[in-house]
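Coordinate analysis (summary)
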Amino acid sequence: MKIPEDKLESFLTKNLLSIYTILGPESVRIEENLSKIYRKSRKENFTLKDTYIMDKKTEWDFLASSSDTIDLFGSKKIIEIKLIGHGPGVKGAKALKEYCLKPDLNILLIVTIEGLDRKSHSSAWIEELEKAGALIFINPLSLAALPAWIQEKGQINGISILKEARLLLAERTEGNLMATMQEINKLTLIYPKQTIDLQKMEKTISNLTKFSIFDFSNAFIAGKTKRAIRGIKIGSI
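Described in the following lines is the structure provided in the data block. (Residues numbered from 1 in each chain as written. Predicted model: local features only at pLDDT ≥ 70, side-chain atom pairs only at ≥ 80, totals over all residues. Heavy atoms only, no water.)

What follows covers unusual backbone geometry. One non-glycine residue with positive phi stands out, namely Glu174, at about 50°. On the secondary structure map, Glu174 appears in the loop between α7 (163–173) and α8 (177–190). Unlike most non-glycine residues, Lys193 shows phi in positive territory, near 60°. One can find Lys193 in the loop between α8 and β7 (195–196). When its relative accessible area of 78% is taken as the criterion, Lys193 is described as exposed. (Helix = DSSP H or I, 4+ residues; strand = E, 2+ residues; numbered from the N terminus. Buried < 20%, exposed > 50% of the residue type's maximum accessible area, 1.4 Å probe, protein only.)

The following block contains the structure:
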């Protein structure tokens, strides 16, 4: 089944399925949804966790033998599979589809898929994961929606970020949620439980979150010459 991102928390108050798949463009929002599932899993006595960051050379044998590793006391286990920028490959797709046919109720399987190309979203292995459990698809966050996201994360961290300060942070980080979250965490440490106005934001914000040598090369490759030149002017590369 498909579960909208904004409905996941309410869904988890009633159910914990055996398989969850989180598909999104970047890690920050994937981790946010992952945390919601983890909170529920702790209440359901899932005390063990194995994490596998998969690449094209990684073997998938662990999935077929996962039930054998449950200890004698019957502890429940989480298996988290991370796919970053690619699918599982032929062997991985086969392993996932086979597991979906007979999932282990003592195992919570969570597959996170970051930055997968859109054509692969309709792959058979994703469809099987959706049929056997829940698929949470995270839409990209637009630049227009970023200030509201900043406001929400500020409130969660105990600070109130005023509109002009939110707009400045959104402009400086240009949709990079990891950099944006780093700045919010920094503000939380410097101004705990305070209101963040434009002056405080200007004092705190770091241009280094915006550009790196990789951003510079990627900007030129993408034809974003003005952005690359701006990085040189800032002096962070």
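So much for the structure itself; the text now carries on.
We now examine α8. In this model α8 runs 20 Å from its N-terminal to its C-terminal C-alpha over 14 residues, within 8% of the 20 Å that 1.5 Å per residue would give. Looking at α8, one finds that the buried residues are Leu177, Ala179, Thr180, Met181, Glu183, Ile184, Leu187 and Thr188. Here the buried face of α8 lies against α2 (27–43), α6 (146–156), β6 (160–161), α7, β7 and α9 (198–204). (Expected span 1.5 Å × (residues − 1). Contact = heavy atoms within 4.5 Å.)

Burial analysis of strand β1 (residues 19–24) places six of its six residues in the buried class, which makes it a mostly covered element. As judged from the six bridges shared by β1 and strand β4 (residues 107–114), these two strands associate in the parallel manner. In the sheet register, Tyr20 faces β4, and the bridge partner there is Ile110. With four bridges joining them, β1 and strand β5 (residues 134–137) adopt parallel strand pairing. Bridging across to β5, Ile22 finds its partner in Ile136. (Pairing = 2+ DSSP bridges.)

Bringing α7 into the picture now. Here α7 has its buried residues at Ala165, Arg166, Leu168, Leu169, Ala170 and Thr173. The inward-facing, buried residues of α7 abut α6, β6, α8, β7 and α9. Glu174 sits one or two residues past α7 and shows a positive phi near 50°.

Counted according to the given criterion, the structure contains 13 salt bridges. One salt bridge connects Lys49 with Glu80, and the closest N-O pair in it is separated by 3.6 Å. With a gap of 31 residues between them, Lys49 in strand β2 (residues 46–54) and Glu80 in strand β3 (residues 76–84) connect regions that are remote in the sequence. Relative accessible area serves as the criterion here: at 43%, Lys49 is assigned to the partly exposed category. Accessibility expressed as a relative area gives 2% for Glu80, which makes it buried. (Salt bridge = Lys/Arg side-chain N within 4 Å of Asp/Glu carboxyl O.)

Let us look at the nonpolar core. Counting 23 residues, the largest nonpolar core has Trp60, Leu63, Ile81 and Trp125 as the members making the most contacts within it. Put simply, the parts of the chain that give this core at least two residues each are β1, α3 (61–64), β3, α4 (89–101), β4 and α5 (124–132). When residues of this core are assigned to their parent elements, the largest contribution, five residues, is made by α4. Those residues in contact with Ile81 that lie beyond four places of it in its chain are Tyr52, Met54, Trp60, Phe62, Leu63, Leu96, Leu109, Ile110, Val111 and Thr112. With 18 residues, the next largest nonpolar core counts Ile161, Leu168, Tyr191 and Ile205 among its residues. (Core = buried A, V, L, I, M, F, W, Y, C linked by side-chain atoms within 4.5 Å.)

These results come straight from atomic positions and should not be treated as a statement about function.
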